[in-house]
Amino acid sequence: MSYIEIRNIFKIFGPDPQSALELVKGGADKDEILAKTGHTVGLHYVSLSIEQGETFVVMGLSGSGKSTLIRHLNRLIDPTAGEVSFGGEDILAMDIPTLNAFRRKRLGMVFQRFGLLPHRNVMDNVAYGLEIQGTARKEREAAASKWIERVGLEGYEAKYPDQLSGGMQQRVGLARALATDPEVLLMDEAFSALDPLIRSDMQDELMKLQAELHKTIVFITHDLDEALKIGDRIAILKDGKLVQVGRPEEIVLRPADDYVQAFTRGVNRSRVLRAKSIMEPITSGEHQAAREDWPSIQAHARLADILPVALANGTSMTVRDAKDTAIGTLSPQQIVEALEG
Ligand SMILES: Nc1ncnc2c1ncn2[C@@H]1O[C@H](COP(=O)(O)OP(=O)(O)OP(=O)(O)O)[C@@H](O)[C@H]1O
Ligand SMILES: [Mg+2]
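Numbers given for residues are sequential positions, taken from 1 along each chain in its written order. Chain letters start at A and ligand numbers start at 1, both assigned in the order the entries are written. In keeping with the model being predicted, local features are shown solely for residues with a pLDDT of at least 70 and side-chain atom pairs are shown and tallied solely at 80 or more, while totals for entire chains, interfaces and linings include all residues. Each side-chain value is worked out from all heavy atoms of the structure, with water and hydrogens disregarded.

**What about unusual backbone geometry?**
A positive phi angle is found at R75, which is not glycine, with a value near 55 degrees. Runs of E in the DSSP output that reach at least two residues are strands. Runs of H or I that reach at least four are helices, and both are numbered from the N terminus. Assignment of secondary structure puts R75 in the loop between α3 (66–73) and β4 (81–86).

Here you go:
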C-alpha cells in the first residue's frame, strides 16, 4: 500500500449530491449532470496512490478538479463517495480534534496567495505553526531561523509581508510550511503568481530542498513545463476525471489522449527526455552493437545535454548505465526524431 491512497473518489457539489451521484455512476458526464440537475461534478471516480518521498504533481485545465483533489487530502472537503488514507490511516474517520492534530503535525501547506499573516513579521510567520503546537518561543525561533536561512531570507526576520516581493513572500510561505517538519507538503499553484524567472528560481529551490528532505509533496499546477521539471510523477485531470498518471517521460512520449497531447505540444522535449527512454537497447548477444570509437553517454542524461555531443561528433553514441555497462546505442537521427515527437 502506498503512503497516500485515494480510492474511488467522487465529489459532487450541490444540494443533493447523492442523487446526482447515481446519475454519474449511471454514466452521465459533467455537462449532462450540470444540465439535468444543476450539480457540479468536481471529481469523477478518481483513484491515486502517492508514494512516500515522491513529488507528485497534479495538473489540468482550470476547473478540472485539482484544488478539489488536494482539499480531500487535508479534508477541507469530504468526498461524496470514496476513501482517503495516509499511512494506512483512514482520514475520513478522524474526529475533529484528531483531524486538527493531523493537519498541524503531518501536513504543511503552501498556497498561491502566500497566505502570510500581514501583522506578523517574517520570524513570527515562519514560527506560527510551532507556536500553535505550543512550542516555547526560544525553541520555535531557533527552528524558524534555520528555515529562514535555508530559503535565503536571512536578515529579513523583522520585515513584514508587505515589505517583501512576491518571490520572497513565497519563500516565507515555504519556510513556514517546513518549520513544523511535516510529512507531507501540499502546494496548490504555489508558484503560479510569480514572475517567470522568480518562479523558475523557486522551482529550483524546492527541488534542492526536496533532494535533502524527501518529503511527500503534492504539487498542483496548470503548467506542464513546471510539472515535468519538478514531478517524479504527474497526474492529469480533465473534467474531474483522471486521464493519465505517469513519469514525465511517459507523459511526453505516450500521451494518453488528445487532451494530454495538447498539453505536451509546447514542451521543450530535450529537457524531459533521457537517453535511456529513446535509445536502441543492446540485447545480450550483441557485443558488437556499440563501437569502440563512439562517445559514451549516461543513461540518465537529458537530450539537451547529449545534443551537443551528438552534433559535434556526428556518430552514434553508446549509452551506459551507472555501472558503466553499455546498455544501448543512440544515433543523431533517433535524437532528432525524439525531439520532433
Ligand atoms: N465549493 C464549490 N461549490 C461548487 N462547485 C465547486 C466548488 N469547488 C469547486 N467547484 C467546481 O468543481 C470543479 C473543479 O473545481 P476546482 O477548483 O477543483 O478546479 P481547479 O482544477 O482547481 O481549477 P483552477 O485551475 O481554476 O484552480 C469546477 O467545475 C468548480 O466549479
Ligand atoms: Mg485550483
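**Topic: the pattern of salt bridges**
Criterion for a salt bridge: a side-chain nitrogen of Lys or Arg within 4 Å of a carboxyl oxygen of Asp or Glu. If you walk through the whole model with that rule in mind, you get 17 salt bridges. A salt bridge links R171 to E205, with the nearest nitrogen and oxygen atoms 3.0 Å apart. On the criterion of sequence distance, the pair formed by R171 in helix α8 (residues 166–179) and E205 in helix α9 (residues 196–213) is long-range, its members being 34 residues apart. Using a 1.4 Å probe on the protein chains alone, a residue whose accessible area is under 20% of its type maximum counts as buried, one over 50% counts as exposed, and one in between counts as partly exposed. Given the relative accessible area of 16%, R171 is considered buried. You can call E205 buried: its relative accessible area is 10%. Two residues, E250 and R247, come together in a salt bridge whose shortest N-O distance is 3.6 Å.

**Re the site of ligand 1**
Residues are labelled near a given molecule or strand when at least one of their non-hydrogen atoms is within 4 Å of it. Around ligand 1 sit 13 residues in total, of which S62, G63, K66, S67 and T68 are the nearest. Side-chain atoms alone can form a polar contact between residues adjacent in sequence; in general such a contact is a pair of N or O atoms within 3.5 Å, and within protein one must be able to donate a hydrogen while the other accepts it. The separation between an oxygen atom of ligand 1 and a polar main-chain atom of G63 is 2.8 Å. A distance of 3.0 Å separates an oxygen atom of ligand 1 from a polar backbone atom of G65. Notes on ligand 1: free accessible area 630 Å², of which the protein chains cover 62%. Methods summary: accessible areas were calculated by the Shrake-Rupley approach with a probe of 1.4 Å, and residue burial reflects only the protein chains presented.

Purely spatial values, then, with no claim about function.
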